[in-house]
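Observations on the three-dimensional arrangement
What follows is the residue order along each chain.
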Amino acid sequence: MRVWEGNMSSYQVLLMLTSHSRLGYTNQITGVDLSQFETCYRALVSKDIKITLCSVKGGALPIDPAYDIDLRDNQQQASRDSLMEVLASSKTITHVDATKYDAIIICGGYGVLWDLTCDPDAVSLLDSFHSSDKYICALSHASGALIHVTREDDSSVLEGKRVTGYSNAEELMGNRAAMIPFFVEEELVRCGAIYTAEEASQVHVEIDGKLITGQNPASVALAVDTLLAALNES
């Protein structure tokens with residue numbers, strides 16, 4: 001059991017989420033993985049962390065129906081309603097000042113593969129966190145958001161780094177492999193990362209300096225806990 005020292009309410013964490021709502025050229029809906037977001041958000045709230053949400057388009061964010069919360073009772077419905085209120089007013093990435101935050105968490109979800117991976121403002125914001133030596137935590141597919149972030153010499157920030165993210169095996173087990181623009185594992189390797197993974201759906205987190213990555217939805221809780229522990233000890 002981890003022992004937390006003192007109050008963490010002085011810390012500010014930025015959550016970057018997708019605004020993208022369509023799987024490629026299909027009519028299928030994607031967006032925020034609400035289950036992942038709930039795990040991440042609740043963990044931060046439990047430690048009194050100050051949280052700001054941001055996205056490419058700002059405002060309300062789309063929810064991927066395949067990764068919604070399983071509603072079994074009124075309490076879960078109330079929990080979902082409260083999360084939807086939080087997701088209704090994300091800041092536009094261009095209005096975010098990276099200097100105000102101690103860390104950024106890039107939340108997973110398939111939509112990330114279309115907007116956060118290549119939007120110039122999203123890439124620029126992540127570059128600011130990296131160049132300022134601040135913590136970056138990427139969850140599941142969101143590791144793909146780092147593929148265009150570079151160092152001052154234009155080399156990838158992933159080069160030589162131990163990272164994980166949604167694996168090829170996990171992608172092929174689902175029904176969306178033919179719809180996505182790229183496989184996260186392949187792109188991380190292409191960027192020179194030292195990619196590691198466990199069996200599909202197993203918990204796996206990599207830490208390399210101030211870069212923390214979680215392999216899949218099952219790894220979200222440990223990845224966020226790892227970030228909180230690092231902030232607590234800094």
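The present account deals with the structure reproduced in this document.

About the cut-offs
Residues numbered from 1 in each chain as written. Predicted model: local features only at pLDDT ≥ 70, side-chain atom pairs only at ≥ 80, totals over all residues. Heavy atoms only, no water. Helix = DSSP H or I, 4+ residues; strand = E, 2+ residues; numbered from the N terminus. Rg over C-alpha atoms; globule rule 2.2 N^0.38 Å. Buried < 20%, exposed > 50% of the residue type's maximum accessible area, 1.4 Å probe, protein only. Contact = heavy atoms within 4.5 Å. Pairing = 2+ DSSP bridges. Right-handed = clockwise from strand over helix to strand, strands pointing away. Patch = residues over 30% accessible without salt bridge, like charges linked within 9 Å, V, L, I, M, F, W, Y side chains within 5 Å. Areas by Shrake-Rupley, 256 points an atom, 1.4 Å probe, with all protein chains shown as cover. Salt bridge = Lys/Arg side-chain N within 4 Å of Asp/Glu carboxyl O. Lys, Arg positive; Asp, Glu negative; His and termini not counted. Charge placed at Lys NZ, Arg CZ, Asp CG, Glu CD. Core = buried A, V, L, I, M, F, W, Y, C linked by side-chain atoms within 4.5 Å. Expected span 1.5 Å × (residues − 1). Arc of directions from axis to C-beta. Polar contact = N/O pair within 3.5 Å; in protein donor to acceptor, adjacent residues only side chain to side chain.

Some points on the overall build of the chain
On a plain count of helices and strands, the chain comes out with six helices and nine strands. Against the 2.2 N^0.38 benchmark of 17 Å for 234 residues, the chain shows a C-alpha radius of gyration of 16 Å, consistent with a compact globule. A principal-axis box enclosing the C-alpha atoms of the chain has dimensions of 50 × 45 × 35 Å. Within the chain, the proportion of its 234 residues that are buried is 52%. In the chain, the share of contacts with a sequence separation of at least 24, taken over all contacts with a separation of at least 6, comes to 77%.

As for the pairing of strand β1 (residues 12-16)
Among the five residues in β1, four count as buried, and that is most of the element. Across five bridges, the pairing between β1 and strand β2 (residues 50-55) is parallel. Across the sheet, Val13 pairs through a bridge with Ile51, a residue of β2. Tracing the backbone out of β1, into helix α1 (residues 34-46) and back to the parallel element β2 gives a crossover that is right-handed. Where β1 and strand β4 (residues 103-106) come together, four bridges link them in parallel fashion. Pairing of Val13 across the sheet is with Ala103, part of β4.

A word on the pairing of β4
Covered by surrounding structure in β4 are Ala103 and Ile105 together with Ile104 and Ile106, the residues of both alternating faces. Here β4 runs beside strand β5 (residues 135-139); their pairing, made up of four bridges, is parallel. Among the inter-strand pairings, Ala103 is bridged to a residue of β5, identified as Tyr135.

Section: the environment of Ser46
If you trace the backbone, Ser46 turns up in helix α1. The partly exposed category is assigned to Ser46, whose relative accessible area is 47%. Remark: the alpha-carbon pair of Ser46 and Met8, spanning 38 residues in sequence, is separated by 9.8 Å.

Topic: a negative patch on the surface
A grouping of Glu152, Asp153, Asp154 and Glu159 is seen on the molecular surface, where their side chains present a negatively charged patch. Residue placement: Glu152 occurs in the loop between β5 and β6 (162-163). For Glu152, a relative accessible area of 83% translates into the label exposed.

Looking at the nonpolar core
Among the nonpolar cores identified, the biggest contains 40 residues, and Met16, Ile106, Leu125, Leu146 and Leu158 are the most heavily contacted of them. Only β1, β4, α3 (120-131), β5 and α5 (184-190) provide two or more residues apiece to this core. Per element, the largest residue contribution to this core is five residues, and it comes from α3. Setting aside its immediate chain neighbours within four residues, Met16 contacts Cys54, Ile93, Ile104, Ile105, Ile106, Cys107, Leu116, Ala122, Leu125 and Leu126. Residues Phe37, Ile69, Cys137 and Ile212 belong to the second largest nonpolar core, which totals 33 residues.

What about α3?
With twelve residues, α3 ought to run about 16 Å at 1.5 Å a step, and its terminal C-alpha atoms sit 16 Å apart, in line with that. Those residues of α3 not exposed but buried are Ala122, Val123, Leu125, Leu126 and Phe129. The buried residues of α3 occupy an angular sector of 160° when the element is viewed end-on, so they sit on one face. Seen from the buried face of α3, the exposed residues on the opposite side, beyond 90 degrees, are Pro120 and Ser131. Looking at the buried positions of α3, the neighbouring elements they touch are β1, β2, β4 and β5. Structurally, the start of α3 carries an N-cap: the backbone nitrogen of Asp121 is 3.1 Å from a side-chain oxygen of Asp119. The positive-phi residue at the C-terminal boundary of α3 is Asp133, with phi of around 55°.

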